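# Observations on the model geometry
Spelled out, the chains give:
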Amino acid sequence: MNAPIAIAAILATVGILLGGSVVLTRLTGRIGIPIALGFIAVGLLAGSEGLGHIAFENYSFAFRAGVVALVLILFDGGLNTPPSSLRPVAAPALLLATVGVIATAGVLAAFAHLAGGLDWPIALLIGAVVSSTDAAAVFATLRGSGTSLKSRVGRLLEAESGLNDPIAILLTISLTTFVLYRTIENGGSVWTLPLTATFEIVVGGGAGWLAGKGSTRLITQVRLESAGLYPVLTLAIAMTVFGVTTLLHGSGFMAVYVAGVVIAGATQLPHRPAILRVHDAFAWLAQIGMFLVLGLLAFPTRLASAALPGLGLALVLTLVARPAAVALCLAPFRYSLRETTFIGIVGLRGAVPVVLATIPVMAGIPGARRIFDVVFFIVVLNTLMPGTIVAWLARKLGVVGAATPEAAATIVIESSEPMQSSLRSYFVDRALPVCGVPLSEVPFPDGAAVTMIVRGSELLVAEGSTELQPGDHVYVLASPEADPMVQLLFGRPEVLE
Amino acid sequence: MELREFFSENAISLDLKADNKDDILRELISLLKLDEKSEGMLFKMLKRRENLGSTGIGRGIAIPHCRSLVVNKLRVAFGRKPNGVDFKAIDEKPVYFFFLIVAPPLEVSNQYLPVLGKIAQFSKESDVPGRLLELTEPAQFMALLKEKGV
């Protein structure tokens, strides 16, 4: 086959798989199945034992692509988590991301060792591979069912999932090295692990913070010709931050997440909507790509033998290991039993374990393919079991927040220069003082005015006689001085993507 | 319409004891001297409003407000916490001064929003936070309103 034809065939295959996965999100969202499962199913169908007969068993490619995917996912996660939303949950999130990850891995490993007869290092390795969570999986499922979470529960899940990936990655790489070292050298110390991990995380966090500050200055001052160049610049920043920090022996994953958070905190980021949208698309592409690869790498005939241990471990992870680790970590904080239970049960697994499971295979650890197969089962079952009941569970445990329905139309101001005033959307709830009041009677401060109202599928002109109704989305243009009064009247603004 | 028509000295506390947001709301409600059931209902409504975004508008000031069946006319109260309390204010700074507004669900005279606007305007005056901090008795609060012509 000559080169152009080969590339055409590859592009057509990737295009069909990606397109199929994207269209499938409509269906999975409607029937309440976590989206990730749909992607895995597409991968399985396309694989060598499925309809597509694509022979793919390249773990090293999967790992390299996986690292790139994680960089994109973590950077996007950071960009969507400004420091202001991270701050109130920082302490419990950090504890969950460190002690929680280690405790989850430890409990699961103990079960794998005692009940499954696996060697401690291998058992710990499986624990580490599946120990990080993915809040995006929880939110995607909730969005599909029109439910939203209490803000402190949602924020904690989100912050934890951004912070625990670097720890899980570090644990997996360290344990893989340890297993190999012990095998080869017949000995070696595992005691330096916590020290190395702390060093890498601290260096990663520090480098990310510095890079985030520097990048924010660069983005706000560079004044590029075209709006389309800004997301290219932020993508370049993510790659550089990851690469340089890793070369400096810090955790590149921690650095790229922290850099994203710091950039998200910038008050005047030029072309913010364009930057966020493009990175959101990259993160989706990365998620889909990773789950497709997981589906392609799995062989149903081989999976059968991993079904029983996989099922057992998935049950222990969902019902024992994660809830126990969460209860331990949240005990010092003021979280109710219901909130702790919910956070414990819905720590869904995402794309990270898939990438991590390729590390032992690539490193040549004996029996690593079996680890991969077991991880496949754990990820699928852990996504399926809590994933399908997450909305029901949220209602049952009373952790549902005030859901704000999305507006049928949104306006976003894109500016290349820092603007003094801002245009924000506010959702009219019955509990607001402006609800049911004509605009002419609302005591607007100087420098603030309603520009438009979105009511159902209608756009309304803001006139004095227009009465604000519950469910309206009101666009208010306000100067920074007028902002406090506007928020007193309308509550906090809606976050527009 | 003047603000001081709505305030009364027995609904003013210059030394709030509570040290968290919920307890501050409860203590402010207690200034209105309602029965226990009404206090509970009012607390729920105020919490609902706070969940939509803090009424702490910055510069140490918060104006918790809601409509509720438990009052038949507009009621207000003022509370001061000299050490400040974390009220999740929009400037993320402690809040020292609290103006509580409770309006009935249906008002003929439509005073709710004008009172809210006037209190916000009054509290925004540059010397007001300093003056509020200097008060030693409720009567001085009423005098300050009179002096400011509100």
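Rules used throughout
Residues numbered from 1 in each chain as written. Chains lettered and ligands numbered in written order. Predicted model: local features only at pLDDT ≥ 70, side-chain atom pairs only at ≥ 80, totals over all residues. Heavy atoms only, no water. Helix = DSSP H or I, 4+ residues; strand = E, 2+ residues; numbered from the N terminus. Rg over C-alpha atoms; globule rule 2.2 N^0.38 Å. Buried < 20%, exposed > 50% of the residue type's maximum accessible area, 1.4 Å probe, protein only. Contact = heavy atoms within 4.5 Å. Areas by Shrake-Rupley, 256 points an atom, 1.4 Å probe, with all protein chains shown as cover. Lys, Arg positive; Asp, Glu negative; His and termini not counted. Charge placed at Lys NZ, Arg CZ, Asp CG, Glu CD. Axes fitted to C-alpha atoms, helices over the stretch in contact; angles between N-to-C directions. Parallel < 35°, antiparallel > 145°, perpendicular 65-115°, else oblique. Left-handed = near helix turned anticlockwise from the far one by under 90°. Patch = residues over 30% accessible without salt bridge, like charges linked within 9 Å, V, L, I, M, F, W, Y side chains within 5 Å. Salt bridge = Lys/Arg side-chain N within 4 Å of Asp/Glu carboxyl O. Buried area = accessible area lost by both parts, 1.4 Å probe. Polar contact = N/O pair within 3.5 Å; in protein donor to acceptor, adjacent residues only side chain to side chain. Core = buried A, V, L, I, M, F, W, Y, C linked by side-chain atoms within 4.5 Å. Pairing = 2+ DSSP bridges. Phe/Tyr/Trp six-rings, centres within 6.5 Å; stacked < 30°, edge-to-face > 60°. Domains from an automatic or database assignment.

### Quick word on the overall build of chain A
- For chain A, the count of helices and strands is 18 helices and four strands.
- Taking 497 residues into account, the globule formula puts the C-alpha radius of gyration at 23 Å, and chain A, at 24 Å, falls close to it.
- Scored against the burial criterion, the 497 residues of chain A give a buried share of 51%.
- Summarising the internal contacts of chain A: among those between residues at least 6 apart in sequence, 81% fall at separations of at least 24.
- A total of about 21,900 Å² of accessible surface is found on chain A, and carbon and sulfur atoms cover 66% of it.
- Taking the average place of the 27 positive charges on the side chains of chain A and the average place of its 28 negative ones, the gap between the two points comes to 7 Å.

### Digging into the packing of helix H1 (residues 21–30) of chain B against helix H2 (residues 36–51) of chain B
All names here are of chain B.
- Where H1 meets H2, the axes come as close as 10 Å, and the angle between the chain directions of the two elements is 135°. Between H1 and H2, the angle falls in the class oblique. Crossing geometry of H1 relative to H2 is assigned as right-handed. Residues Lys21, Asp22, Leu25, Arg26, Ile29 and Ser30 of H1 lie in contact with H2, whose contacting residues are Glu39, Leu42, Phe43, Leu46, Lys47 and Glu50.

### Here we look at a nonpolar patch on the surface
- A cluster of nonpolar side chains, namely Val107, Leu308, Leu311, Leu315, Leu319 and Val320 of chain A, defines an oily patch on the protein surface of about 520 Å² accessible area.
- Per-element accounting of the nonpolar patch gives the leading share, five residues, to helix H14 (residues 307–330) of chain A.

### Some details on the interface of chain B and chain A
- Across the boundary between the two partners, chain B contributes 18 residues, which contact 18 residues of chain A.
- By the criterion of area lost to chain A, the three top residues of chain B are Arg49, Leu52 and Leu113 of chain B, representing 35% of everything that side buries.
- At the junction of chain B with chain A, the criterion picks out two salt bridges.
- Between glutamate 92 of chain B and arginine 87 of chain A there is a salt bridge, and its shortest N-O distance comes to 2.9 Å.
- There are seven residue pairs in polar contact (both at pLDDT 80 or more) connecting chain B and chain A.

### Section: the nonpolar core
- The biggest cluster of nonpolar side chains holds 123 residues, and the ones touching the most others in it are Phe291 and Phe342 of chain A.
- Ranked by size, the runner-up nonpolar core spans 54 residues in total, among them Val450, Leu460, Leu489 and Phe490 of chain A.

### Brief notes about the sheet that holds strand S1 (residues 422–427) of chain A
All names here are of chain A.
- Sheet architecture is open: four strands sit in the order S1-S4-S2-S3, paired in antiparallel fashion. Where the open sheet ends on each side, the last strands, each with one partner, are S1 and strand S3 (458–461). Ignoring strand direction, the axes of neighbouring strands in this sheet form an average angle of 25°.
- Note that strand S2 (residues 448–455) and S3 share four bridges and pair antiparallel. Residue pairing for S3: isoleucine 453 is matched across the bridge by leucine 460.
- Relative to the sheet, helix H18 (residues 483–490) contacts S1, S2 and strand S4 (473–478), its axis offset from that of S1 by approximately 15°.

### A few points about the packing of aromatic side chains
- Tallied over the entire structure, the rule returns 14 aromatic pairs over all chains.
- With a centroid separation of 6.1 Å and 85° between ring planes, the pair formed by phenylalanine 56 of chain A and phenylalanine 61 of chain A is classed as edge-to-face.
- Residue phenylalanine 56 of chain A is classed as buried on the basis of its relative accessible area, which comes to 15%.
- Taken together, a centroid distance of 5.6 Å and an interplanar angle of 45° make the contact between tyrosine 426 of chain A and phenylalanine 490 of chain A tilted. Placement of tyrosine 426 of chain A in strand S1 and of phenylalanine 490 of chain A in helix H18 is noted, with a sequence separation of 64 residues between them.
- A relative accessible area of 1% places phenylalanine 490 of chain A in the buried class.
- Three or more aromatic residues joined by ring pairs make a cluster, and in this case those are Phe7, Phe78, Phe99, Phe122 and Phe141 of chain B.

### Let's talk about the domain arrangement of chain A
- Split by domain assignment, chain A resolves into domain 1 (3–396) and domain 2 (422–496).
- Here the C-alpha centroids of domain 1 of chain A and domain 2 of chain A sit 39 Å apart.

### Digging into the environment of arginine 131 of chain B
All names here are of chain B.
- Secondary-structure assignment places arginine 131 in helix H4 (residues 128–134).
- Residues arginine 131 and leucine 144 lie 13 residues apart in sequence; the distance between their C-alpha atoms is 8.1 Å.
- Among residues more than four places away in sequence, those in contact with arginine 131 are Leu144 and Glu147.

### Structural notes on the pattern of salt bridges
- Scanning the entire structure with this criterion turns up 20 salt bridges over all chains.
- Across the pair aspartate 472 of chain A and arginine 455 of chain A runs a salt bridge whose closest N-O atoms are separated by 2.8 Å. With aspartate 472 of chain A in the loop between S3 and S4 and arginine 455 of chain A in strand S2, the pair connects residues that are 17 residues apart, well separated along the chain.
- The partly exposed category is assigned to arginine 455 of chain A, whose relative accessible area is 21%.
- For aspartate 127 of chain B, the salt bridge goes to lysine 148 of chain B, with nearest N and O atoms at 2.9 Å. With aspartate 127 of chain B in the loop between helix H3 (112–124) and H4 and lysine 148 of chain B in the segment after helix H5 (138–147), the pair connects residues that are 21 residues apart, well separated along the chain.
- One continuous salt-bridge network, built from bridges that share partners, spans Glu125, Asp127, Arg131, Glu147 and Lys148 of chain B.

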